[in-house]
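Spelled out from the first residue to the last, the chains are:
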Amino acid sequence: MAAPSGEYFSVGSQVPCRTCQEQRLQGEVVAFDYQYKMLALKCPSSSGKPNHADILLINLQYVSEVEIINDRTETPPPLASLNVSKLASKARTEKEEKLSRAYAISAGVSLEGQQLFQTIHKTIKDCKWQEKNIVVMEEFVITPPYQVENCKGKEGSALSHVRKIVEKHFRDVESQKILQRSQAQQPQKEAALSSSVHIHGGLFQHQAKEAVVVASAEAGQGREGILYVLLALVNKGSAFPNLRLEQTKHPTKKNKRII
């Protein structure tokens, strides 16, 4: 059920409540609108940052249980002054950015183009979409596929600056892709290092066999065994001109093969 119709909440009071979805909330009252049954609570920041707080707006029509555990009766402190024009400007900017993203998606702009637009916008606020083209400072146009050579406009330092932003963006994207591929391949490399070692040598078969036996006895299978074989071959390299190492994903029973 909803909160009692005659319930009031003083600013500064501690109020726990339970919503109709069984979610339990508690915080300090910072505002209460009796007419619309809206309660604003200040709670510790979910980000864990000091000097920050979460403000929860609760519709008491959807609260099944509410109580006051520490009622404040004294006059609440005056409200902090707000820079309304700054807040309005921020809200307007946020709205324009959201509309810009929505337009890009509806116009069929590629993901690469959307990402580049966001990168440019972080440095140069004066940029917008014109169909699938990015217009920067009303002077420069970047057309698909949005590479450096697609930046058009009056030659000069400003255009060079835009091109550098585009170049760095794609360089960073490529670096990120390389890093991701490297991380994806790491398990494969680990599996390869755990594979068996084969030593091939038409000549000096007896010495090659001895090297493998030493490696298996001292280091066993896996990466250490491979490293030990390499060390053995380096030490006796002058005696084995025809030897080479090979790895396989299917180790033999004795982890060696001589050909």
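Structure: see above.
Residues numbered from 1 in each chain as written. Predicted model: local features only at pLDDT ≥ 70, side-chain atom pairs only at ≥ 80, totals over all residues. Heavy atoms only, no water.

### Considerations on the overall build of the protein
From N to C terminus, the protein includes five helices and eleven strands. Scored against the burial criterion, the 259 residues of the protein give a buried share of 26%. In the protein, the share of contacts with a sequence separation of at least 24, taken over all contacts with a separation of at least 6, comes to 50%. Only carbon and sulfur atoms are counted for the fraction: they give 54% of the accessible area of the protein, which is about 17700 Å². (Helix = DSSP H or I, 4+ residues; strand = E, 2+ residues; numbered from the N terminus. Buried < 20%, exposed > 50% of the residue type's maximum accessible area, 1.4 Å probe, protein only. Contact = heavy atoms within 4.5 Å. Areas by Shrake-Rupley, 256 points an atom, 1.4 Å probe, with all protein chains shown as cover.)

### So, unusual backbone geometry
In this chain, P144 is followed by P145 through a cis amide linkage whose omega measures 5 degrees. Residue position: P145 is located in the loop between β8 (140–142) and β9 (151–152). Not every positive phi belongs to a glycine, and N51 is a case in point at roughly 60 degrees. At E138, a position not held by glycine, the phi torsion is positive, near 60 degrees. Positionally, E138 belongs in the loop between β7 (133–136) and β8. For E138, a relative accessible area of 54% puts it in the exposed group.

### Looking at the pattern of salt bridges
Pairing is possible between side chains that carry opposite charge, provided their charged atoms lie close to one another. All told, the structure shown has seven salt bridges when counted by the stated rule. Across the pair E22 and R18 runs a salt bridge, and its minimum N-O distance is 3.7 Å. For E22, a relative accessible area of 52% corresponds to the exposed category. For E155, the salt bridge identified is with R163, shortest N-O distance 3.3 Å. Members of the salt-bridge network, linked through shared partners, are R18, E22 and E65. (Salt bridge = Lys/Arg side-chain N within 4 Å of Asp/Glu carboxyl O.)

### Topic: the nonpolar core
Within the largest apolar cluster, 19 residues are counted, with the highest numbers of intra-cluster contacts made by L116, I120, I134, V136, I142, Y146 and V166. Contributing elements (two or more residues each) for this core: α2 (111–123), β6 (127–130), β7, β8 and α3 (157–193). It is α3 that contributes the most residues to this core, five residues altogether. Setting aside residues no more than four positions away along its own chain, V136 makes contact with I120, I124, D126, C127, I142 and V162. Counting residues in hydrophobic clusters, the runner-up holds 13 residues, among them C17, L25, F32 and C43. (Core = buried A, V, L, I, M, F, W, Y, C linked by side-chain atoms within 4.5 Å.)

### Things to note about the pairing of β7
With burial as the criterion, each face of β7 is covered, one bearing N133 and V135 and the other bearing I134 and V136. As judged from the four bridges shared by β6 and β7, these two strands associate in the antiparallel manner. By the bridge assignment for β7, K128 is matched with V135. Between the end of β6 and the start of β7, which pair antiparallel, lie two residues, with E131 showing a positive phi angle near 60 degrees. Of the pairings in the sheet, the one linking β7 to β8 comprises three bridges and is antiparallel in character. Along β8, the bridge assignment pairs V135 with V141. Remark: three residues form the turn of the hairpin made by β7 and β8, two consecutive strands paired antiparallel; M137 in that turn has positive phi of roughly 55 degrees. (Pairing = 2+ DSSP bridges.)

### As for the layout of surface pockets
By volume, the largest pocket amounts to about 300 Å³. Along its surface, the largest pocket is lined by 13 residues, and V11, V30, P77, L79 and A80 are the ones closest to its centre. Among the elements that take part in the lining of the largest pocket, strand β2 (residues 24–33) stands out by supplying three residues, more than any other. In the lining of the largest pocket, the residues fall into eight nonpolar, one polar and four charged. (1 Å grid on protein atoms, 1.4 Å probe; cavity = no way out; pocket = protein on both sides within 12 Å on 5 of 7 lines; lining within 4 Å. Points joined across faces, edges and corners; volume = space filled by probe spheres on them. Nonpolar A, V, L, I, M, F, W, Y, C, P; charged D, E, K, R; others polar.)

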